[in-house]
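Structure at a glance
Letter by letter, the chains look like this.
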Amino acid sequence: MDKIHIPVLLKESIDSLDIKADGFYIDCTLGDGGHSFEIFKKLNSKGLLLSIDQDQYAIDFVKDYYKDSLKENWRIEKNNFSKISELAKSLNRTPDGILMDLGLSSRQLEYSHNRGFSYQEENEPLDMRMDEQLGVKAKDLLVALPEKELARLFLTYGEERYAKRIASVIKKHIADINTVGDLTRLVYRVVPAAHQSSKNPSRRVFQALRIVVNDELNSLKLGLENSFKILNKRGRISVITFHSLEDRIVKDFFHNQVDSGSGVLLYKDVLAPTDEEIRENPRSASAKLRTLIKN
Ligand SMILES: C[S@@+](CC[C@H](N)C(=O)[O-])C[C@H]1O[C@@H](n2cnc3c(N)ncnc32)[C@H](O)[C@@H]1O
């Protein structure tokens, strides 16, 4: 199988880590392995790379695709990156650099293994778990949560203006909602045409459900805290975010470290993709890179 995901802000994020050939680096979000492989190429035999992903399909893909490059000093672990301290500890080294490239990969959207991550895959079930060991699927949330709570979820995690209307129509028709298409058709019905302009009106609802199913924001907070704790002095943590909820968490965490004198920012503001990168890879459009250096 071929690679699908085009790594976002590849040169900028690798440069931001200032990689030393004998250093220890952790890529918290392996995906199709684009960033990991770029880091690995810069290491010598004393260097070490640990790549983490919570999606077994990503792990299986990378282990097969890069089978000729995999060596002792490129470790791959299936886990949530919030567990970064335990994973690094088992390798008896403290990291010089940590990368997070958040969200979903293009592989998860296009070859979801029937998990319904994309609002375009009409016939897939409403699952959305990146880690299939997680207990709650998107459909379970729609069934279990009361209308008010569902509306709060769409508003908080999707920043969806029509959260109340969407929650109401979902609860009314819950018995008929099983697939991605069942949900997107209902959303189309209640979101005013003017609001449907260029982007799919279900986009925000899907973002909200995915965030909650995978507990993404709590994982991010824990992942940042634990990463910063284990990082070496002068070590760097770089994070690529794709929406405002993620970015706010990273921004606040980084600024708190700066205010307490524990870190400095590499860039005054964020790095964003060039127009050329966005043309070649439209999925990069909303990306923002932030880097913190530990004092
Ligand atoms: C945007 S993709 C990374 C793409 C990768 N940088 C590349 O170049 O191919 C994000 C990946 O992170 C994984 N992921 C998201 N949240 C995670 C978490 N909390 N713990 C571990 N993996 C996570 C997803 O399963 C997905 O494979």
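Residues numbered from 1 in each chain as written. Predicted model: local features only at pLDDT ≥ 70, side-chain atom pairs only at ≥ 80, totals over all residues.

**Details of the overall build of the chain**
The helix and strand inventory of the chain stands at 13 helices and 7 strands. Based on the C-alpha atoms only, the size of the chain along its principal axes is roughly 60 × 45 × 40 Å. The proportion of buried residues among the 295 residues of the chain is 43%. Residue pairs at least 24 apart in sequence account for 71% of intrachain contacts in the chain once pairs closer than 6 positions are excluded. (Helix = DSSP H or I, 4+ residues; strand = E, 2+ residues; numbered from the N terminus. Buried ≥ 20, exposed ≤ 12 C-beta atoms within 10 Å, placed from the backbone. Contact = placed C-beta atoms within 7 Å.)

**Here's the deal with the site of the ligand**
Lining the immediate environment of the ligand, one finds 20 residues, of which Pro7, Thr29, Gly31, Asp32 and Gly34 sit closest. A breakdown of the residues in the shell around the ligand according to their chemical character gives 5 nonpolar, 11 polar and 4 charged. (Near = placed C-beta within 6 Å. Nonpolar A, V, L, I, M, F, W, Y, C, P; charged D, E, K, R; others polar.)

**Side note on the environment of Gly261**
Mapped onto the elements of the fold, Gly261 is located in the loop between α12 (244-259) and β6 (263-265). Assessed through the 8 C-beta atoms surrounding it within 10 Å, Gly261 is described here as exposed. Along the chain, Gly261 and Lys199 lie 62 residues apart, while their C-alpha atoms are 42 Å from each other.

**Description of the domain arrangement of the chain**
Interfaces are often sized by the amount of accessible area the parts lose when they come together. Along its sequence, the chain is carved into domain 1 (10-108 + 217-294) and domain 2 (135-213). Put simply, the middle of domain 1 and the middle of domain 2, counted by C-alpha atoms, are 31 Å apart. (Domains from an automatic or database assignment.)

**Looking at the pairing of strand β1 (residues 24-27)**
With burial as the criterion, each face of β1 is covered, one bearing Phe24 and Ile26 and the other bearing Tyr25 and Asp27. Where β1 lies against strand β2 (residues 48-53), 4 bridges are found, and the strand directions are parallel. Each residue of the ladder has a partner; that of Asp27, found in β2, is Ser51. Examined bridge by bridge, β1 and strand β4 (residues 97-101) share 3 bridges and lie parallel to one another. If you follow Ile26 over to β4, its bridge partner there is Ile98. (Pairing = 2+ DSSP bridges.)

**Thoughts on the nonpolar core**
Counting 44 residues, the largest nonpolar core has Tyr25, Ile26, Cys28, Leu49, Met100 and Ile240 as the members making the most contacts within it. For Cys28, the contacting residues outside a window of four places in its chain are Ile52, Phe81, Ile84, Ile98, Leu99, Met100 and Gly223. Residues Leu153, Tyr157, Val191 and Ile211 belong to the second largest nonpolar core, which totals 28 residues. (Core = buried A, V, L, I, M, F, W, Y, C linked by C-beta atoms within 7 Å.)

**A short note on the sheet that holds β4**
Taken in spatial order, the 7 strands make up an open sheet running β3-β2-β1-β4-β5-β7-β6, and their pairing is mixed. Lying at the two open borders of the sheet, with one neighbouring strand each, are β3 (74-78) and β6. With direction set aside, neighbouring strand axes in the sheet form an average angle of 15 degrees. Bridging between β2 and β3 involves 5 bridges; their strand directions are parallel. Following the sheet pairing, Asp53 is matched in β3 by Lys78. Sitting on the sheet, helix α1 (residues 10-17) is in contact with β1, β4, β5 (236-241) and β7 (288-294), with an inclination near 160 degrees to β5. Helix-sheet contacts for helix α3 (residues 56-65) involve β2 and β3, and the interaxial angle to β3 is about 155 degrees. (Axes fitted to C-alpha atoms, helices over the stretch in contact; angles between N-to-C directions.)

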